[in-house]
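Observations on the model geometry
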Amino acid sequence: MIKGLLAERGLWLRRGSAGLILSAVTYLSLADSDGMRQHEVLHLLVRIYRATGIAMDKQVHAAMYFAVCGALWLAMRHQPKGWPTPLKAWLMATGWGVLMEFAQLAETALGLGQRGFDVADMAANACGAAAAALLCALWLALARYIRKGP
């Protein structure tokens, strides 16, 4: 009984963390971006851009949705039946990324912000979420392999 209560508490803690990450990404997606351009993280992003040629904006989108997908995956119960949880997490994170782009479009149309609708941002969101989902799937496969033994 105590083990079950602790498991439930852990699940709610993971769900709360996922809610915080989703809230932060939503805020960053819809807030005015002028004040965010001066942050120290830009130095790292510039190095990645120089090494890979991937635009900094797309790096940020991929990183944010990597975190969203991973958090959503951790917040789910992992049940052996039904769709795999990494796929569910990827679909939810990608769907949220698409929704945020349309919210930015509406925000701009209403004169509330200066963010724009960008299909490339949606692709970066989906790629970041896919990387997290792949990592989650590999983690589950490794856990299954360890439980069953060689």
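Coordinates for the structure precede this section.
Residues numbered from 1 in each chain as written. Predicted model: local features only at pLDDT ≥ 70, side-chain atom pairs only at ≥ 80, totals over all residues. Heavy atoms only, no water.

1. Topic: the overall build of the protein chain
Along its length, the protein chain carries five helices and zero strands. Counting from the amino terminus, the protein chain carries its helices and strands in the arrangement α-α-α-α-α. Among the 150 residues that make up the protein chain, the fraction classed as buried is 29%. Across the protein chain, contacts joining residues at least 24 apart in sequence account for 68% of those joining residues at least 6 apart. Summed over all atoms, the accessible surface of the protein chain reaches about 10,100 Å², with 71% contributed by carbon and sulfur. (Helix = DSSP H or I, 4+ residues; strand = E, 2+ residues; numbered from the N terminus. Buried < 20%, exposed > 50% of the residue type's maximum accessible area, 1.4 Å probe, protein only. Contact = heavy atoms within 4.5 Å. Areas by Shrake-Rupley, 256 points an atom, 1.4 Å probe, with all protein chains shown as cover.)

2. Examining the pattern of salt bridges
If the charged atoms of two oppositely charged side chains come close together, the side chains can form a pair. In total, this model carries three salt bridges according to the counting rule given. For Asp57, the salt bridge identified is with Lys58, shortest N-O distance 2.8 Å. Residue classification places Asp57 among the partly exposed positions, given a relative accessible area of 36%. A salt bridge links Asp118 to Lys58, with the nearest nitrogen and oxygen atoms 3.0 Å apart. Taken together, the residues span a long stretch of sequence, with Asp118 in the loop between helix H4 (85–109) and helix H5 (119–148) and Lys58 in helix H3 (residues 56–75) at a distance of 60 residues. Salt bridges sharing partners connect three or more residues here, namely Asp57, Lys58, Asp118 and Asp121. (Salt bridge = Lys/Arg side-chain N within 4 Å of Asp/Glu carboxyl O.)

3. A short note on the packing of aromatic side chains
Tallied over the entire structure, the rule returns one aromatic pair. When the ring centre of Trp12 is taken as reference, the NZ or CZ atom of Arg15 above it lies at 5.0 Å. (Phe/Tyr/Trp six-rings, centres within 6.5 Å; stacked < 30°, edge-to-face > 60°. Lys NZ or Arg CZ within 6 Å of the ring centre and 35° of its normal.)

4. What about the environment of Leu105?
Tracing the chain through its elements places Leu105 in helix H4. Its relative accessible area of 40% is what places Leu105 among the partly exposed residues. Linking Leu105 and Phe117, residues 12 residues apart in sequence, is a C-alpha distance of 5.0 Å.

5. Notes on the nonpolar core
In this structure, Tyr65, Val68, Cys69, Ala89 and Ala93 are the most contacted members of the largest nonpolar core, which totals 16 residues. At the level of elements, H3, H4 and H5 are the ones that each hand at least two residues to this core. With six residues, the single largest contributor to this core is H3. Each residue touching Ala93, except ones within four places of it in the same chain, is listed here: Tyr65, Val68, Cys69, Leu72 and Ala129. (Core = buried A, V, L, I, M, F, W, Y, C linked by side-chain atoms within 4.5 Å.)

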